[in-house]
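Take a look at the letters that make up each chain.
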Amino acid sequence: MNHKNPYFDDVMSTHVLIRQWLGGEVAAPALCADLLARFSPDYSMVTSTGKQLDHASLTAFFSSAGGSRPGLAMEISELRLIQQSDAGATVSYREIQTLPGAEITERFSTVVYEKTADGTLLWRHLHETWAA
């Protein structure tokens, strides 16, 4: 595995921001703005329960969910580059979430990245599936 892969780095750093924001470690609105800036305006998602989200619903979720999951821990592993081109990449990974006093959740996720003309990596689509 190439540990210097910019897409893998982005998956990891995005999840750090998600954990900080949802866990309430950082309550500054600037963190939420930095997090949302990582997602394409054309973002789409299929959640682990089969719900479909777009950029507006993602924005509404993150905007209202800051600090909603105190103690949240996220473990990202098994990063795999499925495809990469000048236009972006597709990466899969395993995600385990734990909350104090709650059941551990585990999912497999696939993110499709778009790479802008200036080299910015944006999350274009995310598909999550509960682990069996």
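Look a little higher up for the structure.
A brief structural summary. (Residues numbered from 1 in each chain as written. Predicted model: local features only at pLDDT ≥ 70, side-chain atom pairs only at ≥ 80, totals over all residues. Heavy atoms only, no water.)

## Side note on the sheet that holds strand 4 (residues 88-98)
Across the sheet, which stays open at both edges, the six strands sit in the order 2-1-6-5-4-3 with mixed pairing between neighbours. Where the open sheet ends on each side, the last strands, each with one partner, are strand 2 (52-54) and strand 3 (73-85). Mean inter-strand twist for the sheet, computed between neighbouring axes without regard to direction, equals 15°. Here strand 1 (residues 39-46) runs beside strand 6 (residues 121-130); their pairing, made up of four bridges, is parallel. Its bridge partner being in strand 6, S44 is matched across the sheet by H125. Across the sheet, helix 1 (residues 6-23) is in contact with strand 1, strand 3, strand 4, strand 5 (105-115) and strand 6; its angle to strand 3 comes to roughly 150°. (Pairing = 2+ DSSP bridges. Helix = DSSP H or I, 4+ residues; strand = E, 2+ residues; numbered from the N terminus. Axes fitted to C-alpha atoms, helices over the stretch in contact; angles between N-to-C directions. Contact = heavy atoms within 4.5 Å.)

## Quick look at the side chain of N5
Mapped onto the fold, N5 is located in the segment before helix 1. Of note is the side chain of N5, whose polar atom sits 2.7 Å from the backbone nitrogen of Y7. (Polar contact = N/O pair within 3.5 Å; in protein donor to acceptor, adjacent residues only side chain to side chain.)

## With respect to the pattern of salt bridges
In this structure the tally under the stated criterion is six salt bridges. The salt bridge partner of E25 is R19, with a shortest N-O separation of 2.5 Å. Residue classification places R19 among the partly exposed positions, given a relative accessible area of 21%. Notably, a salt bridge pairs R94 with E106, separated by 2.2 Å at the nearest N-O pair. Here R94, found in strand 4, pairs with E106, found in strand 5; they are 12 residues apart in sequence, far enough to count as distant. The exposure class of R94 is partly exposed, given its relative accessible area of 23%. Classification of E106 by relative accessible area gives partly exposed; the value is 24%. (Salt bridge = Lys/Arg side-chain N within 4 Å of Asp/Glu carboxyl O. Buried < 20%, exposed > 50% of the residue type's maximum accessible area, 1.4 Å probe, protein only.)

## Section: unusual backbone geometry
The backbone of E78 sits at a positive phi, close to 55°, despite the residue not being glycine. You can see E78 is positioned in strand 3. On the basis of relative accessibility, which here comes to 46%, the residue E78 falls in the partly exposed class.

## Some details on the pairing of strand 3
Direction of pairing for strand 3 relative to strand 4: antiparallel, over a ladder of 10 bridges. The partner of Q83 across the bridge, within strand 4, is T90. The hairpin turn running from strand 3 into strand 4, its antiparallel successor, is two residues long.

## Let's talk about the packing of helix 1 against helix 3 (residues 55-65)
As a packed pair, helix 1 and helix 3 sit with axes 8 Å apart at the nearest point and diverge in direction by 50°. Relative to helix 3, the element helix 1 lies oblique. Within the contact between the two elements, helix 1 uses I18, W21 and L22 and helix 3 uses F61, F62, S63 and A65. (Parallel < 35°, antiparallel > 145°, perpendicular 65-115°, else oblique.)

## Regarding the environment of R19
Mapped onto the secondary structure, R19 falls in helix 1. Ignoring anything within four residues of it in the chain, the contact list for R19 reads G24, E25, L72, A73 and M74.

## What about the environment of R94?
Linking R94 and S77, residues 17 residues apart in sequence, is a C-alpha distance of 5.2 Å. Residues within four places of R94 in sequence aside, it is in contact with E75, I76, S77, E78, E106, R107 and F108. Among the polar contacts made by the side chain of R94, one reaches the side chain of E106 at a distance of 2.2 Å.

None of this, on its own, says anything about what the molecule does.
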